[in-house]
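Understanding the architecture of this molecule
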2 protein chains.
Amino acid sequence: MTLREVAELAGVSTATVSLVINKKKNARIADETRQRVTEAIAQLGYRPNAMAKTLVSGTSKFIGLVADGVATTPFAGQIIHGAQDEAWKHGYALLIANTEGNQDLEKDAIAMMLEYKVRGILYSTWFHRPTDVPETLREADFVLVNCFSPEAGTARAVVPDEAQGGQSATDILLRGGHRRIAFINTTTPAPAKDGRLQGYKDALEAAGIPFDPDLVLEAYPDQEGGYGATQDLLELGVGAVYCYNDRMAMGLYDGLRENGLSIPEDMAVVGFDNQEVIAAHLRPPLSTVSLPHYELGAAGVRMLLGLDAAPLESAVKIACPAVERGSVAVHSPA
Amino acid sequence: MTLREVAELAGVSTATVSLVINKKKNARIADETRQRVTEAIAQLGYRPNAMAKTLVSGTSKFIGLVADGVATTPFAGQIIHGAQDEAWKHGYALLIANTEGNQDLEKDAIAMMLEYKVRGILYSTWFHRPTDVPETLREADFVLVNCFSPEAGTARAVVPDEAQGGQSATDILLRGGHRRIAFINTTTPAPAKDGRLQGYKDALEAAGIPFDPDLVLEAYPDQEGGYGATQDLLELGVGAVYCYNDRMAMGLYDGLRENGLSIPEDMAVVGFDNQEVIAAHLRPPLSTVSLPHYELGAAGVRMLLGLDAAPLESAVKIACPAVERGSVAVHSPA
């Protein structure tokens, strides 16, 4: 079915049909002509292709997602899952450009999405951090997902609630009856570093336990970092430890085992992230706090579409739920 | 810069300008008129938007990637990385639709990609398996990545070379001086199940070692499966084992440790996949064979663009390189 057949049926030129389809306001077309064309279109079941429809409606059926490594790094892929599911509910499909930090690619990807008239763009990072906002991104409706602008009040954003998560992690140990609880924080600067420490402090305060800075250690946030912190942890003489992330806890498991200790009997351990292929499969399975990647992606889409509040003044925070497994005994002695 | 300004400069109607831009062959436009319009376009620096350019050139600057869970599952994300890098070298950007097996979404995603005139489509799965080819996919140039059609000769495909990988894994142990080598295969049917077993057999045969079916066990391909296979493995009285994948090896590490055994001294262990966040971080770091996800993505793009041979008769196979770490001692006694 082509433009030509519509034109022939309506008795006009193809150029006229094109002008009608594109609803050009200042095209000099008689109402009666416009009517004939519209009826011919309906009669023939002519369906302009998606690009023509886009020209008419103003936006395509796409929502763009520009990510640095969300699709390739084995950590935050659920952001895509959540965004896709939510978009689909509202008739949109997600088009993803995964840039690996290549700024030229990022610029071109955003430009293409704008030219193809996406409904809006989600800009996402694979871990929670501040980000510059590319200039061209501001030509679209956009929401930052798992990241935020360091210039407060300039970009709508949705991030995990690190402090609430840190409090939840510490609470798991408090519920297990522990009161002297160590925290192995990351050495790397990040919103999670400050947030998770704040949550640890908030939980202790709520339980009436004085904060002891000597119980806070630091290590690189992976298995080797956790393993390397074992001796310092043992010297603290605590029976419970909250690790900045699951990978650190995995390394600590090895270190504790090498020292002849059992988890949770000799040391209760809590992680953070609920990282797939790790947390549930350690022995014993690791109690932890989940990063709500799926919910972040879904919230990003709802904020973009105006279904959820999206204030400029500060990032929306999504709660990090506790996941209790087998690395913290219940009601063990302090 | 608009169509209208070009029309005014050239002294023609906007409809005429549109017809010139779209290079409609049967539009009755005098050569002299066409010339005036072209000059006006050049003079004004008018740049039709991407959609108009697409109408002219026939395809957009996109290559589509339709994946079931490559972007969301923490395993094969490097397929996207490789495809993106290769596409970018040739002036294309990758647009990803991650469907999680939702067939309606898959149909719509392919339809949208066709309507937006992608150069071609890569259809990918997060693990190597046979796949039905959606009917609409056949309207485009397409290549199956990490999957293949069970109807031989009907679709171009690129997959990992499981047999060569299995042979490489076994060879790591043979080089370590072992001759009685167990293989813990998966229980789940998959090309990898047959391929990796074949590779194990090929390696033994090349080394002049008779194949002993009693040395082949089966377990679920994750940590719990590997852990559960420990007793059966110990009863074989071997000093070396090749595990179907790294997750299984991780569980086996726990089982061997609980039995007071050291790796590699008491048991040399080799995995498969080189799974990020696991293989390199076990203690000792796990020798394994890499699934070439990045290369699969890149090869898919090159095959799509006609830069690499892409025969219909059988899938192209990409080699799986060995990654030797610390779980196999060198020249230990058989």
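Computed from a predicted model, the values in this text were never measured in an experiment.

1. Regarding the pairing of strand 2 (residues 93-98) of chain B
All names here are of chain B.
- When you tally the buried positions in strand 2, you get six out of six residues, the bulk of the element.
- Burial along strand 2 is two-sided: the residues Ala93, Leu95 and Ala97 and Leu94, Ile96 and Asn98 are all buried.
- As defined by bridge partners, strand 1 (residues 62-67) adjoins strand 2 across six bridges and the pair is classed as parallel. Its bridge partner being in strand 2, Ala67 is matched across the sheet by Asn98.
- Chirality of the crossover, the property in question, places the unit of strand 1, helix 5 (residues 78-89) and strand 2 among those that are right-handed.

2. A closer look at the nonpolar core
- Of all hydrophobic cores here, the largest spans 94 residues; its most connected members are Val269 of chain A together with Val269 of chain B.
- Residues Ala299 of chain A together with Ala67, Ile79 and Ala83 of chain B belong to the second largest nonpolar core, which totals 50 residues.

3. A word on the relation of the copies chain B and chain A
- Once chain B is rotated about the relating axis by 180° and shifted along it by 0.0 Å, it coincides with chain A to within an RMSD of 0.1 Å. The operation mapping one copy onto its partner corresponds to a two-fold rotation axis.
- Comparing contact sets, 98% of the residues at the interface of chain B also lie at the interface in chain A, consistent with an isologous, same-surface contact.

4. Some thoughts on unusual backbone geometry
- Geometrically, the link from Ile263 of chain A to Pro264 of chain A is a cis peptide bond, its omega value of 5° lying close to zero.
- Relative to the elements of secondary structure, Pro264 of chain A occurs in the loop between helix 11 (246-258) and strand 9 (268-270).
- The step from Arg283 of chain B to Pro284 of chain B runs through a cis peptide bond, and the omega angle for that step is 5°.
- Along the chain, Pro284 of chain B turns up in the loop between strand 9 (268-270) and strand 10 (288-289).
- The phi dihedral of Asn274 of chain A is positive, around 55°, even though this residue is not glycine.
- By the element assignment, Asn274 of chain A lies in the loop between strand 9 and strand 10 (288-289).
- You will see that Glu100 of chain B, though not glycine, has its phi angle at about 55°, which is positive.
- Residue position: Glu100 of chain B is located in the loop between strand 2 and helix 6 (103-115).

5. Structural notes on the state of the cysteines
- Within this structure, the stated rule accounts for zero disulfides over all chains.
- Free of any disulfide, Cys243 of chain B has its nearest cysteine sulfur in Cys320 of chain B, 17 Å distant.

6. Remarks on the domain arrangement of chain A
- The assigned domain composition of chain A is domain 1 (3-48), domain 2 (62-160 + 294-318) and domain 3 (162-291).
- On a C-alpha basis, the centroid separation for the pair domain 1 of chain A and domain 2 of chain A is 39 Å.

7. So, the pattern of salt bridges
- In the structure shown here, the tally under the stated rule is 24 salt bridges over all chains.
- Between Lys193 of chain A and Glu218 of chain A there is a salt bridge; the shortest N-O distance is 3.3 Å. Taken together, the residues span a long stretch of sequence, with Lys193 of chain A in helix 8 (residues 191-206) and Glu218 of chain A in strand 7 (residues 216-219) at a distance of 25 residues.
- Taking the relative accessible area as the measure of exposure, Lys193 of chain A reaches 16% and is therefore buried.
- With relative accessibility at 47%, the residue Glu218 of chain A sits in the partly exposed group.
- Note that Asp68 of chain B and Arg129 of chain B form a salt bridge whose closest N and O atoms lie 3.2 Å from each other. On the criterion of sequence distance, the pair formed by Asp68 of chain B in the loop between strand 1 and helix 5 and Arg129 of chain B in strand 3 (residues 121-130) is long-range, its members being 61 residues apart.
- Accessibility expressed as a relative area gives 14% for Asp68 of chain B, which makes it buried.
- Take Arg129 of chain B: its relative accessible area is 24%, and that puts it in the partly exposed class.
- A network of salt bridges, in which partner residues are shared, links Glu86, Lys89, Arg302 and Asp308 of chain A.

8. Focus on the packing of aromatic side chains
- Evaluated as defined, the whole model comprises 12 aromatic pairs over all chains.
- Where Phe183 of chain A meets Tyr200 of chain A, the ring centres are 5.3 Å apart and the plane angle is 35°; that geometry is what we call tilted. Of the two residues, Phe183 of chain A sits in strand 6 (residues 181-186) while Tyr200 of chain A sits in helix 8, which places them 17 residues apart along the sequence.
- Phe183 of chain A gets classed as buried once you look at its relative accessible area, which sits at 0%.
- Ring centres 4.3 Å apart and planes at 15° place the aromatic pair Phe183 of chain B and Tyr242 of chain B in the stacked group. Placement of Phe183 of chain B in strand 6 (residues 181-186) and of Tyr242 of chain B in strand 8 (residues 240-243) is noted, with a sequence separation of 59 residues between them.

9. Description of the sheet that holds strand 6 of chain A
Residue and element names in this part refer to chain A.
- Within the open sheet, the four strands sit side by side as 7-6-8-9. Their pairing is parallel. A single partner strand is all that each edge strand has here, and the edge strands are strand 7 and strand 9. Strand-to-strand twist in this sheet, taken as the mean axis angle between neighbours without regard to direction, amounts to 20°.
- In this sheet, strand 9 lies alongside strand 8 (residues 240-243) in parallel orientation, the contact comprising three bridges. Each bridged residue has a counterpart across the sheet, and for Ala240 the counterpart in strand 9 is Ala268.

10. Considering the interface of chain B and chain A
- Listed by partner, the interface residues are 55 residues for chain B and 54 residues for chain A.
- Carbon and sulfur atoms make up 63% of the area that chain B and chain A hide from each other, which totals about 5,000 Å².
- Taken together, the connections running from chain B to chain A amount to two salt bridges.
- Notably, a salt bridge pairs Asp254 of chain B with Arg257 of chain A, separated by 3.5 Å at the nearest N-O pair.

11. Observations regarding empty space enclosed by the protein
- Scanning the entire structure with this criterion turns up four cavities of 30 Å³ or more.
- Surrounding the largest cavity, 13 residues form its lining, Asp254 and Arg257 of chain A together with Asp254, Arg257 and Leu282 of chain B being those nearest its centre.
- Only helix 11 of chain A together with helix 11 (246-258) of chain B provide two or more residues apiece to the lining of the largest cavity.
- Residue composition of the lining of the largest cavity, by class: six nonpolar, one polar and six charged.

12. Notes on helix 8 of chain A
Residues and elements named next belong to chain A.
- Between its first and last C-alpha, helix 8 extends 22 Å over 16 residues, near the 22 Å set by a 1.5 Å rise per residue.
- Restricting attention to buried positions, one finds in helix 8 the residues Pro191, Ala192, Lys193, Gly195, Arg196, Gly199, Tyr200, Ala203 and Leu204.
- Against the buried residues of helix 8 lie strand 3 (121-130), strand 4 (142-148), helix 7 (162-175), strand 6, strand 7 and strand 8.
- Where helix 8 ends, the next residue or the one after it, Gly208, has phi of about 75°, a positive value.

13. Some details on helix 6 (residues 103-115) of chain A
- Taking 1.5 Å of rise per residue, the 13 residues of helix 6 of chain A would be expected to cover 18 Å, and the 18 Å separating its terminal C-alpha atoms lies within 8% of that figure.
- Taken together, the buried positions of helix 6 of chain A are Leu105, Glu106, Ala109, Ile110, Met112 and Met113 of chain A. The arc that holds every buried residue of helix 6 of chain A, seen down its axis, measures 160°, which confines them to one face. Among the exposed residues of helix 6 of chain A, those pointing more than 90 degrees away from its buried face are Gln103, Asp104 and Lys107 of chain A.
- Contacts from the buried residues of helix 6 of chain A go to strand 1 (62-67), strand 2 (93-98) and strand 3 of chain A together with strand 1, helix 5 and strand 2 of chain B.
- Where helix 6 of chain A begins, one side-chain oxygen reaches toward the backbone nitrogen of Asp104 of chain A, 3.0 Å away; that side chain belongs to Asn102 of chain A.
- Where helix 6 of chain A terminates, the next one or two residues include Lys117 of chain A, which has phi positive at roughly 55°.

Scoring rules and cut-offs
Residues numbered from 1 in each chain as written. Chains lettered and ligands numbered in written order. Predicted model: local features only at pLDDT ≥ 70, side-chain atom pairs only at ≥ 80, totals over all residues. Heavy atoms only, no water. Buried < 20%, exposed > 50% of the residue type's maximum accessible area, 1.4 Å probe, protein only. Helix = DSSP H or I, 4+ residues; strand = E, 2+ residues; numbered from the N terminus. Pairing = 2+ DSSP bridges. Right-handed = clockwise from strand over helix to strand, strands pointing away. Core = buried A, V, L, I, M, F, W, Y, C linked by side-chain atoms within 4.5 Å. Least-squares fit on C-alpha atoms with pLDDT ≥ 70 in both. Contact = heavy atoms within 4.5 Å. Disulfide = S-S within 2.5 Å. Domains from an automatic or database assignment. Salt bridge = Lys/Arg side-chain N within 4 Å of Asp/Glu carboxyl O. Phe/Tyr/Trp six-rings, centres within 6.5 Å; stacked < 30°, edge-to-face > 60°. Axes fitted to C-alpha atoms, helices over the stretch in contact; angles between N-to-C directions. Buried area = accessible area lost by both parts, 1.4 Å probe. 1 Å grid on protein atoms, 1.4 Å probe; cavity = no way out; pocket = protein on both sides within 12 Å on 5 of 7 lines; lining within 4 Å. Points joined across faces, edges and corners; volume = space filled by probe spheres on them. Nonpolar A, V, L, I, M, F, W, Y, C, P; charged D, E, K, R; others polar. Expected span 1.5 Å × (residues − 1). Arc of directions from axis to C-beta. Polar contact = N/O pair within 3.5 Å; in protein donor to acceptor, adjacent residues only side chain to side chain.

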